[in-house]
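Below are the chains, spelled out letter by letter.
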Amino acid sequence: MRHDGFKPAALHVAVIALLFALNFMLPDYHHGLLARIMVLAVFAMGYNLLFGYVGLLSLGHAMFFSAGLYGSGLAIYHLGWSVPAAFGAGLVSGAALSLVIGLLALRTTGVAFMIVTMMFAQVFYLSILYFAQWTGGDQGLVLQQSQRLIEVGGVTLDLTEPVTRYMAALGLFSVVLVATLFIARSAFGRVLVAIRENEERTKMLGYDTFANKLAAVVASGVICAASGAAYALLFGYVGSTLASVQYSILPLLWVLLGGAATTLGPLVGTVFMYYVIDVTSGYTSAYMLVVGIALILLVLYFPKGVLGTIRDRWVRWLP
Amino acid sequence: MAFGPHLLLATLEGLVTSAVLALMALGLSLVFGVMRVVNVAHGEFFMLGAVLAWAVTATLGGNPAIGFLAALVISPLIVGAVALLAEQLVLKRLNYNPEATIVATIGLLYIIQQLALTFYGPDARPVAAPFNYRISLPWFGYSGYKLSIIGASAILLIATWFVLTRTRIGLVMRATQYDSETAQAFGIPVERVYAGVFALGAMLAAVAAVLIVPISQAHYLMGLDPLLLSFIVVIIGGLGSLRGTVVAALLIGVSDGVISVFFSPTLAKIIATLVVAMVLVFRPQGLFGTARR
């Protein structure tokens, strides 16, 4: 590889080590918040794979998140599956949904792609409300502590216990972070960037751009579903608000803020936005105003986000 | 009530929805057609129109007809001014880049919604209809005001059609829509056309809101459903096609009304949204539009 691979790898290990160390240092409130942020950062990383690398702006990723959320949540709630099996069910739901949506939505481009994904997500959201008998509608479902235990060789892991929960979130986060770094550096990742820069030319070079884009949609969908499934298992709540339009906009905001097409951007964006809302909510309940103004300022002045700007100006090797 | 009259009632309700929807979708279609901007905040201009109508009538008090007429003039003017401001401060600086403007208008949506929640509150508030006259049909009485909405909408649509096809302003707008660079080369002030079209689109949404608010209260979240329905109408009707927009609004409004009466409204929305997504996937130029260049 032409690039120096050591510095990026060291940086990622350092980030994971820092998050591990924070487990022992943070006070209770921030400890819980960071576990949630890591799960949602996985959602943002899945979104970034499609938006950042392929340049496809989806306005419907809440459906992939909630496919994982409901896939695992319903399996536990109604079928009494174990935690690992339910997590698998969430991933499979996400993969199946993203395959179907990808096959349909990738026939469109540009603005039509955004609107189509938004509409499919809306159909998914309304279906959750319509089948309230099973999904709990807008009330949602709560998973009990007894349903969120993992038996591993005689040891019982309780996902409601803060440290276990934090470590589970960190584990998922680390796996996905390393996976996205790997994808970004692989031949597949480079084809995706080529499609973003010039799809016609990539096609002329002999790449099947549709197959590559479809693979990216499915990979993105599965990562988002993993985040959704983890959300259901770790926080025990499965509700329709998590499938609403707002949860399609939030990952876009996090990725834009942190820096699209950077591996650590989603984490930076999620942490930053969460704490901005957390701090401002001490002064005002108007958090939507903060989100709105942040979106407009970002597209106007920082279209590349925090890490994208840092990479452009100072640290060229940042992945 | 027997099936026939029930169906008639559902159709009338659907026609009222269609009338309002056609106005609102026309605004969205103009903005998308001329500027290539997907205005996600269009529903919030609609909501703002309704909230301002309540504010105007509540401030004036007195005769509901006078308050309503004042709202019909003042509310769209304020909404137009807000839209103009947003256009100048944000959209213009983004060079009307389609993807950046979507993100920016999403931001605008959140800002307007939050300001409405903060200053207007979470309650739904009614506005008195300008007149109360019931037309008695053999099976049921029907609000004369609702029928007048259909009339008012038809007049406004015809006026817009006249401006677009028979006046110099319309010619300039169509030229910009067809090819903005050539238009600019011929001395058309494209940026001013864009600003005007964006304000006009928002004002159409505000007028639609003022018309509907006497029968469906003003609420800070009321913009979301009409926004999705307008998207649906614009997509089905084909972009920039006024006739397509009206036909699609009739189709969507009446079928929504009829399906909602006989089935669950959620199911109606699921079916409509899914059908439209499929139209967009398999026939992107819309059912009535022609393929783009």
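Keep in mind it's a predicted model, so treat the numbers as computed, not measured.

### Focus on the overall build of chain A
(1) Moving on: Helix and strand counts for chain A stand at 14 helices and 4 strands.
(2) Moving on: Compactness check: chain A gives a C-alpha radius of gyration of 19 Å against a globular reference of 20 Å for 319 residues, within 12% of the reference.
(3) Moving on: Projecting the C-alpha coordinates of chain A onto the three principal axes gives extents of approximately 55 × 45 × 45 Å.
(4) Moving on: Within chain A, contacts between residues at least 6 apart in sequence are counted, and of these 77% link residues at least 24 apart.
(5) Moving on: When the 16 basic and 12 acidic side-chain charges of chain A are each reduced to a single mean position, those positions are 12 Å apart.

### What about the overall build of chain B?
(1) Moving on: Across its full length, chain B carries 11 helices and 2 strands.
(2) Moving on: Against the 2.2 N^0.38 benchmark of 19 Å for 293 residues, chain B shows a C-alpha radius of gyration of 19 Å, consistent with a compact globule.
(3) Moving on: Projected onto its principal axes, the C-alpha coordinates of chain B cover approximately 60 × 45 × 35 Å.
(4) Moving on: For chain B, with 293 residues in total, the buried portion stands at 52%.
(5) Moving on: Contacts spanning at least 24 positions in sequence make up 77% of the contacts within chain B whose residues lie at least 6 apart.
(6) Moving on: Surface accessibility of chain B: about 12,900 Å² in total, with carbon and sulfur atoms responsible for 69%.
(7) Moving on: For chain B, the centre of its 15 positive side-chain charges and the centre of its 10 negative side-chain charges are spaced 9 Å apart.

### Brief notes about the pairing of strand S2 (residues 149-152) of chain A
Residue and element names in this part refer to chain A.
(1) Moving on: Relative to strand S3 (residues 155-158), S2 is paired through 4 bridges, and the arrangement is antiparallel. By the bridge assignment, leucine 149 is partnered in S3 with aspartate 158.
(2) Moving on: With antiparallel pairing between neighbouring strands as the criterion, S2 and S3 make up a hairpin whose turn holds 2 residues, including glycine 153 at a positive phi of roughly 50°.

### Let's talk about unusual backbone geometry
(1) Moving on: Phi is positive for Ala261(A), close to 60°, though the residue is something other than glycine.
(2) Moving on: Structurally, Ala261(A) can be placed in the loop between helix H11 (246-258) and helix H12 (265-280).
(3) Moving on: On the accessibility criterion, Ala261(A) (10% relative accessible area) is buried.
(4) Moving on: If you check the backbone angles, Asn95(B) has positive phi at about 55° while not being a glycine.
(5) Moving on: Position of Asn95(B) among the secondary structure elements: in the loop between helix H3 (64-91) and helix H4 (98-120).
(6) Moving on: On the basis of relative accessibility, which here comes to 65%, the residue Asn95(B) falls in the exposed class.

### Side note on the nonpolar core
(1) Moving on: If you look at the biggest cluster of nonpolar residues, it comprises 205 residues, and the most contacted ones within it are Leu19(A), Leu59(A), Phe173(A), Leu295(A), Met35(B), Phe45(B) and Phe46(B).
(2) Moving on: By residue number, the principal contributor to this core is helix H2 (residues 28-54) of chain A, which donates 18 residues.
(3) Moving on: Among residues more than four places away in sequence, those in contact with Phe45(B) are Asn39(B), Val79(B), Val82(B), Ala83(B), Leu108(B), Ile112(B), Phe198(B), Ala202(B), Ala205(B) and Ala206(B).

### A word on the interface of chain B and chain A
(1) Moving on: Between chain B and chain A, the contact holds 38 residues from the first and 36 residues from the second.
(2) Moving on: The interface formed by chain B and chain A contains 0 salt bridges.
(3) Moving on: One can count 2 residue pairs in polar contact (both at pLDDT 80 or more) joining chain B with chain A.
(4) Moving on: For the side of chain B that touches chain A, the secondary structure elements donating two or more residues are H3, H4, helix H9 (224-237) and helix H11 (265-282) of chain B.
(5) Moving on: Among the elements that take part in the side of chain B that touches chain A, H4(B) stands out by supplying 15 residues, more than any other.
(6) Moving on: Across the side of chain B that touches chain A, the residue classes tally to 28 nonpolar, 7 polar and 3 charged.

### A look at the packing of aromatic side chains
Each aromatic ring pair is summarised here by two numbers: the centre-to-centre distance and the angle between the ring planes.
(1) Moving on: By the definition in use, this model includes 15 aromatic pairs over all chains.
(2) Moving on: Their ring planes at 65° and their centres at 5.9 Å tell us that Phe65(A) and Tyr231(A) sit as a pair that is edge-to-face. Here Phe65(A), found in helix H3 (residues 62-79), pairs with Tyr231(A), found in helix H10 (residues 209-235); they are 166 residues apart in sequence, far enough to count as distant.
(3) Moving on: The buried category is assigned to Phe65(A), whose relative accessible area is 0%.
(4) Moving on: Given the relative accessible area of 8%, Tyr231(A) is considered buried.
(5) Moving on: When the centroid spacing of 5.4 Å and the interplanar angle of 80° are considered together, the rings of Trp54(B) and Tyr120(B) count as edge-to-face.

### Quick notes on the pattern of salt bridges
Residue and element names in this part refer to chain B.
(1) Moving on: Considering all chains together, one arrives at 8 salt bridges over all chains under this definition.
(2) Moving on: Two residues, lysine 146 and glutamate 13, come together in a salt bridge whose shortest N-O distance is 2.8 Å. Residue lysine 146 is found in helix H5 (residues 144-166), and its partner glutamate 13 is found in helix H1 (residues 3-35); the two are separated by 133 residues along the sequence.
(3) Moving on: Overall, glutamate 13 belongs to the partly exposed group, its relative accessible area being 30%.
(4) Moving on: A salt bridge links aspartate 225 to lysine 269; its shortest N-O distance comes to 3.3 Å. Highlighted residues: aspartate 225 in helix H9 and lysine 269 in helix H11, separated in sequence by 44 residues.
(5) Moving on: Given the relative accessible area of 39%, aspartate 225 is considered partly exposed.

### Observations regarding the packing of H2(A) against H11(A)
Residue and element names in this part refer to chain A.
(1) Moving on: Interaxial distance between H2 and H11 falls to 9 Å at its minimum, and their mutual angle equals 80°. The angle between the axes of H2 and H11 places the two elements in the roughly perpendicular class. From H2, Leu40, Phe43, Ala44, Tyr47, Asn48 and Phe51 reach across to H11, where they touch Tyr247, Pro251, Leu252, Trp254, Val255 and Leu256.
(2) Moving on: When its residues are assigned to classes, the contact of H2 with H11 shows 11 nonpolar, 1 polar and no charged.

Definitions and cut-offs
Residue numbers run consecutively from 1 along every chain, following the written order of its sequence. Chain letters and ligand numbers both follow the written order, the letters beginning at A and the numbers at 1. Under the rules for a predicted model, residues below a pLDDT of 70 receive no local features and side-chain atom pairs below 80 are neither given nor counted, while totals for whole chains, interfaces and linings still include all residues. Computation of side-chain values covers all heavy atoms of the structure but excludes hydrogens and water. Labels follow the DSSP assignment, with helices taken as runs of H or I lasting at least four residues and strands as runs of E lasting at least two, numbered in each case from the N terminus. Only the C-alpha atoms count toward the radius of gyration. The rule for a globule is 2.2 Å times the residue count to the power 0.38. Any two residues whose heavy atoms approach within 4.5 Å at even a single point are treated as in contact. Neither His nor the chain termini are counted; the positive set is Lys and Arg, and the negative set is Asp and Glu. Here the site of a charge means atom NZ of a Lys, CZ of an Arg, CG of an Asp or CD of a Glu. Residue burial is assigned from relative accessible area. The probe radius is 1.4 Å, only protein chains are included, and a residue is buried under 20% of its type maximum, exposed over 50%, and partly exposed in between. For accessible areas, the Shrake-Rupley method is used with a probe of radius 1.4 Å. Any residue's cover is judged against the shown protein chains and nothing else. Pairs of strands are assigned from DSSP output, requiring at least two bridges between the strands. The definition of a nonpolar core used throughout is a set of buried Ala, Val, Leu, Ile, Met, Phe, Trp, Tyr and Cys residues joined through side-chain atoms within 4.5 Å. Salt bridges are identified by distance alone: a Lys or Arg side-chain nitrogen within 4 Å of an Asp or Glu carboxyl oxygen. Pairing of N or O atoms within 3.5 Å defines a polar contact, subject to two protein rules: one partner must be a possible hydrogen donor and the other a possible acceptor, and residues neighboring in sequence count only if both atoms are side-chain atoms. Put simply, Ala, Val, Leu, Ile, Met, Phe, Trp, Tyr, Cys and Pro go in the nonpolar bin, Asp, Glu, Lys and Arg in the charged bin, and everything else, Gly too, in the polar bin. When two rings of Phe, Tyr or Trp (its six-membered ring) have centres within 6.5 Å they constitute a pair, described as stacked for plane angles under 30 degrees, edge-to-face for angles over 60, and tilted for the intermediate range. In this analysis, axes come from line fits to C-alpha atoms, helices being fitted only over the stretch in contact, and the angle between any two N-to-C directions falls in the range 0 to 180 degrees. Our angle categories are set so that under 35 degrees counts as roughly parallel, over 145 as roughly antiparallel, 65 to 115 as roughly perpendicular, and the remainder as oblique.

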